[in-house]
Amino acid sequence: MTANILELSGISRSYSTRQGLFGKRVPVRAVDDVSLSLQEGQTLALVGESGSGKSTTGRIALGLERPNSGHVLFRGSELPPADTPAWRRMRAQMQMIYQDPLAALDRRLPILDQTREPLDIHDVGPASERNDKALAMLDAVGLNAGHAASLPSQLSGGQRQRAVLARALIMKPSLLVCDEPVSALDVSIQAQVVNLLMDLQRDLQLSLLFISHDLKVVRQVSQRMAVMYLGRIVEYGETRLLLSNSVHPYTRALISAVPVAGRRTRERIILTGEPPNPAARPAGCAFHPRCPIARSECANVSPAFTTLPDGRSVACHAVDGHPPIEEVGV
Amino acid sequence: MGNLAGCATGYVFPAAPAPQPLLVIEGMTVDFNGVRVLRGIDLTLARGEALGIVGESGSGKSVTWLAALGLLPRSATVSGSVRLDGEEMLGAAASRLDRIRGGRVAMIFQDPSSALNPVLRIGRQIGEVLARHHGVSGSNIRAEAKRLFDLVGLPDAARRFDAYPHELSGGQNQRVMIAMALAGKPDVLVADEPTTALDATIQAQILDLLTTIRRETGMALVLISHDLGVVSETCDRIIVMYTGSVVETAPADAIFASPRHPYTQGLLAALPPFEGALHRLVPIEGQVPDPTNLPPGCAFAPRCPKRLAVCEEAVPPLAQPENGRFSACIAATVQPARLSLKLNTSVLA
């Protein structure tokens, strides 16, 4: 068994927010007791809707946020506190890319300068060689010298995301956290970037924490996935298993909501209601107000994680000790 | 067409345009500051039809409908013809357009919270539509609004009436937008990426709602989307656009089973599959050309794996190779096109 590059154990993060202008401060649990592990060279996908805590989990993994409780282990050692020299050294091995490349790039700096900037900051190698290194990295993501001299506004969306990738990868990180990296791109360009990401992962032995709401892309890139709802993981296991035979009713609804080209006659599970407000988390299982198979206990008791024989874990009362497939009828 | 088997009221989309289509767009072009972004669009919309418009950014899929409804800024030059029940809409007087827009033709947009006025209560905004188009006033507004909120599945209608947009979620705001659109009892609802800003489970709710309302009211739906999956599950007929032109039109089932235009084939091949074996994605190489610098022939030719020499010289016309299907491709008529699934090894080429 390969070693875990990243381990989150029991992490929680809450923020406090005011209800109304003079209202009481109430804690919002963005991430609640999340444990995940990512194996070296593999891809773990974090899936969920807005407010599910998937982006916060990604930021905690990089040490950009401190968890209120729980531990983050990178290659077996705990992350040093943010903004310390030790953290900065470790951060060089962990990079992040975001959904909107234009917002992530400096609009007034040519692509080449932005790509070499991390080398300057971390003082890597002789200054005279940094431009060549940056150009080589840009070449590896499919951008030429002409692109290197351009400003972000002169590039297309796909090219900008390539530039963001080059900048993140120039430090030769071993872990890349991708927060919705292809969601803003057109279909034909999305395929280019997904392929590029997978090629780079293979060539550079990257481990990816892939945050996305797009299950089609998740199926393409990840070996394992975790489905989050209101800050908690509801189902976690091999992507192949979860997508072909999901057990948690929320995972089932998410999968059924994926619009597939050329398919019309399918019965879709339409969840009623809205994703609830993290500041007003329902008691018991957070999903119970929208759950098609909720029982009385679901409203009071938060379900514990059960590990099924196929290795996945799931938090649902309806699954406890029962054969899941008959139980979760729709 | 088997896709209509499950359709409750059985709108049968005719293979040939109906004798009197509801809406006809002919030869419509749009120029922004001398740059042509829409290069001659012809399309018809039948009564009660669900028409999907698919394309990537810059394809002109939104501009087509903004231009048809006279919603583009003055810097845009629009020409051609848009007829609603035979009545010309392009160049019509503002007073006449005001009666049509929000009345017979309604439009909803991607981001509902920016389409609503943030400082006005929901009730006042929907009341404005009711007062303007139906002369409803006073307490009748509240009653009619409640009926519309019920229709779009917005619970607790009375409280929503007095709420501000920020007090509602994105999905609820989109339901308010749909309710406002339905207030005018439209013959056509144009929905421009109505679910793109929404979460997956809410997207499913809204698409389901649009389909239900269309079947109940018999209005036509124009669904503009970049997502082939979204239009596939909602629409009877699909129009694929590229760089301001229609490249293919076909019934939904046919276009996914046997796409004719190489661009449509490329789009479908680029989608990650959700069933069956995983394979490396097949992207369309290159990128969408700049509208100021379009190639002289077929705009897709530089990215097309099937291009012939002639493709780089002449713009292919939208031809009808079989009944009800149109494709603007010279190569496809020379050699019957097949969905190319050969794996491309280089992504960086």
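Bear in mind that the values here come from a model prediction, so they are computed numbers and not experimental data. (Residues numbered from 1 in each chain as written. Chains lettered and ligands numbered in written order. Predicted model: local features only at pLDDT ≥ 70, side-chain atom pairs only at ≥ 80, totals over all residues. Heavy atoms only, no water.)

### Topic: the overall build of chain A
Worth spelling out the cut-off: By definition, any uninterrupted DSSP run of H or I lasting at least four residues is a helix, any uninterrupted run of E lasting at least two residues is a strand, and each is numbered from the N terminus. Based on C-alpha atoms, the radius of gyration is set beside the globule rule, defined as 2.2 Å times the residue count to the power 0.38. Throughout, exposure labels follow a simple rule: accessible area from a 1.4 Å probe, protein chains only, divided by the maximum for the residue type, with under 20% read as buried, over 50% as exposed, and the rest as partly exposed. Only heavy atoms matter for contacts: two residues are in contact if any of them lie within 4.5 Å across the pair. In this count, Lys and Arg are taken as positive residues and Asp and Glu as negative ones, while His and the chain termini are left out. Where a charge lies is defined by one atom per residue type: Lys uses NZ, Arg uses CZ, Asp uses CG and Glu uses CD.
Across its full length, chain A carries twelve helices and twelve strands. A globule of 330 residues ought to have a C-alpha radius of gyration of about 20 Å, and chain A, at 21 Å, matches this closely. Referenced to the eigenvectors of the C-alpha coordinate spread, the extents of chain A come out at roughly 70 × 50 × 50 Å. When burial is assessed residue by residue, chain A has 55% of its 330 residues classed as buried. Long-range contacts, defined here as pairs at least 24 residues apart, represent 63% of the contacts in chain A between residues at least 6 apart. Of the charged side chains in chain A, 36 are positive and 32 negative; the average position of the first set lies 4 Å away from that of the second.

### Section: the overall build of chain B
Scanning chain B from N- to C-terminus turns up twelve helices and twelve strands. Here chain B holds 349 residues, and 54% of them are scored as buried.

### Some remarks on the domain arrangement of chain A
Residue and element names in this part refer to chain A. What counts here: Just so you know, the domain bounds were taken from an automatic or database domain assignment. Accessible area that two parts lose when put together, evaluated with a 1.4 Å probe and summed over both, is termed the buried area. What makes a salt bridge here is a side-chain nitrogen of Lys or Arg within 4 Å of a carboxyl oxygen of Asp or Glu, nothing more. Definition of a polar contact: a pair of N or O atoms within 3.5 Å, with one able to donate and the other able to accept a hydrogen when the atoms are protein atoms, and with sequence-neighbouring residues admitted only if both atoms are side-chain atoms. Note on residue classes: Ala, Val, Leu, Ile, Met, Phe, Trp, Tyr, Cys and Pro are nonpolar, Asp, Glu, Lys and Arg are charged, and everything else, Gly too, is polar.
Per the domain assignment, the segments of chain A are domain 1 (4-93 + 173-327) and domain 2 (102-172). Taken residue by residue, the interface counts 15 residues in domain 1 and twelve residues in domain 2. Summed over both partners, the interface of domain 1 with domain 2 buries about 1,100 Å², with 76% contributed by carbon and sulfur atoms. Inspection of the domain 1/domain 2 interface yields zero salt bridges. Here domain 1 is connected to domain 2 by two residue pairs in polar contact (both at pLDDT 80 or more). If one sorts the elements of the side of domain 1 that touches domain 2 by residue count, helix 8 (residues 187-204) sits on top with seven residues. Of the residues belonging to the side of domain 1 that touches domain 2, the class tally is twelve nonpolar, two polar and one charged.

### Brief notes about the pattern of salt bridges
For the structure on display, the rule yields 33 salt bridges over all chains. Residue Asp123 of chain A is joined to Arg130 of chain A by a salt bridge in which the shortest nitrogen-to-oxygen separation is 2.8 Å. In this structure, the salt-bridge partner of Arg214 of chain B is Asp236 of chain B, at a minimum N-O distance of 3.9 Å. Here Arg214 of chain B, found in helix 8 (residues 200-217), pairs with Asp236 of chain B, found in the loop between helix 9 (228-234) and strand 9 (237-242); they are 22 residues apart in sequence, far enough to count as distant. Look at Arg214 of chain B and you get buried, because its relative accessible area is 2%. Under the relative-accessibility criterion, Asp236 of chain B is labelled buried at 2%.

### Remarks on unusual backbone geometry
A positive phi is found at Gln205 of chain A, a non-glycine position, where the angle reads about 50°. Positionally, Gln205 of chain A belongs in the loop between helix 8 and strand 8 (207-212). Look at Asp85 of chain B: it is not a glycine, yet its phi comes out positive at around 50°. Relative to the helices and strands, Asp85 of chain B is located in the loop between strand 4 (76-84) and strand 5 (87-88). Relative accessible area serves as the criterion here: at 36%, Asp85 of chain B is assigned to the partly exposed category.

### What about the interface of chain B and chain A?
If you look at the interface, chain B gives 49 residues, while chain A gives 46 residues. Buried area between chain B and chain A, summed over both chains or domains, comes out near 4,000 Å², and the portion from carbon and sulfur atoms is 52%. Across the chain B-chain A interface, the total number found is one salt bridge. Counting every contact that joins chain B to chain A gives 17 residue pairs in polar contact (both at pLDDT 80 or more). Residue assignment for the side of chain B that touches chain A shows that the elements contributing at least two residues are helix 7 (170-183), helix 8, helix 9, helix 10 (252-257) and helix 11 (262-270) of chain B. For the side of chain B that touches chain A, the element with the highest residue contribution is helix 8 of chain B, accounting for eight residues. Residues of the side of chain B that touches chain A, tallied by class, amount to 22 nonpolar, 16 polar and eleven charged.

### A few points about the sheet that holds strand 7 (residues 175-179) of chain A
Residues and elements named next belong to chain A. Operational definition: A strand pair is defined by DSSP finding two or more bridges across the two strands. A fitted line through C-alpha atoms serves as each axis, taken over the contacting stretch for helices, and the angle formed by two N-to-C directions is quoted from 0 to 180°.
With mixed pairing, the eight strands of this open sheet are ordered in space as 6-7-8-3-9-10-12-11. In the strand order of this sheet, the two ends are held by strand 6 (94-97) and strand 11 (305-307), each with one partner. Taking each pair of neighbouring strands and ignoring which way they run, the sheet shows an average axis angle of 20°. Pairing between strand 11 and strand 12 (residues 313-315): three bridges, direction antiparallel.

### Quick look at the confidence of the model for chain A
Detailed reading of the predicted coordinates is not advisable wherever pLDDT falls low. Stated precisely, the cut-off is as follows: The quantity known as pLDDT measures the predictor's confidence residue by residue, on a range of 0 to 100.
On average, residues of chain A score 88 in pLDDT, and 94% of them are at 70 or above. With pLDDT under 50 throughout, residues 323-330 of chain A is counted as low confidence; its partners more than four residues away or in other chains account for 14 contacts.

### What about the environment of Gln190 of chain A?
All names here are of chain A. Note that Gln190 resides in helix 8. A residue is classified by how much of its surface remains accessible, and Gln190, at 11% relative accessible area, is buried. It is 20 Å that separates the C-alpha atoms of Gln190 and Gly48, two residues lying 142 residues apart in sequence.

### Let's talk about the packing of helix 4 (residues 111-122) of chain A against helix 5 (residues 127-140) of chain A
Residues and elements named next belong to chain A. We count it as follows: These descriptions rest on fixed angle ranges, namely under 35 degrees for roughly parallel, over 145 for roughly antiparallel, 65 to 115 for roughly perpendicular, and the rest for oblique. Left-handed is the label given to a crossing in which the near helix is rotated counterclockwise from the far helix by less than a right angle, and right-handed is the label when the rotation is clockwise.
At a minimum axis distance of 9 Å, the contact between helix 4 and helix 5 shows a crossing angle of 120°. When the axis of helix 4 is compared with that of helix 5, the two are oblique. Pair helix 4 / helix 5 crosses with right-handed handedness. Together, Ile111, Leu112, Thr115, Arg116, Leu119 and Asp120 of helix 4 and Ala127, Arg130, Asn131, Lys133, Ala134, Leu135 and Leu138 of helix 5 make up the contact between the two elements. Across the contact of helix 4 with helix 5, the residue classes break down as seven nonpolar, two polar and four charged.

### Brief notes about the environment of Val119 of chain B
Here Val119 of chain B shows up in the loop between helix 3 (112-115) and helix 4 (122-134). Linking Val119 of chain B and Arg39 of chain B, residues 80 residues apart in sequence, is a C-alpha distance of 39 Å.

### Let's talk about the sheet that holds strand 2 (residues 25-39) of chain A
Residues and elements named next belong to chain A. As summarised here, the arrangement of the four strands in space is 2-1-4-5, forming an open sheet in which the pairing is antiparallel. Strand pairing shows two members of the sheet lacking a second neighbour, strand 2 and strand 5 (77-78), which therefore form its edges. Bridge analysis of strand 1 (residues 4-18) against strand 4 (residues 69-74) gives five bridges, and the strand direction is antiparallel. Looking at strand 4, one finds that Ser12 is bridged to Ser69. Packing of helix 1 (residues 54-61) onto the sheet brings it into contact with strand 1, strand 2 and strand 4, and relative to strand 1 it is tilted by some 120°.

### Details of the nonpolar core
One recurring pattern in soluble globular proteins is that nonpolar side chains are buried together. How we decide: By convention a nonpolar core is built from buried Ala, Val, Leu, Ile, Met, Phe, Trp, Tyr and Cys residues, the set being connected through side-chain atoms within 4.5 Å.
Ranked by internal contacts, the top residues of the largest apolar core, which has 103 residues, are Leu165 and Leu176 of chain A together with Ile178 and Ile238 of chain B. Ignoring anything within four residues of it in the chain, the contact list for Leu176 of chain A reads Gln95, Met96, Ile97, Leu165, Ala168, Leu169, Leu197, Leu206, Ser207, Leu208 and Leu209 of chain A. In this structure, Leu22, Ile25, Val37 and Leu69 of chain B belong to the second largest nonpolar core, which totals 37 residues.

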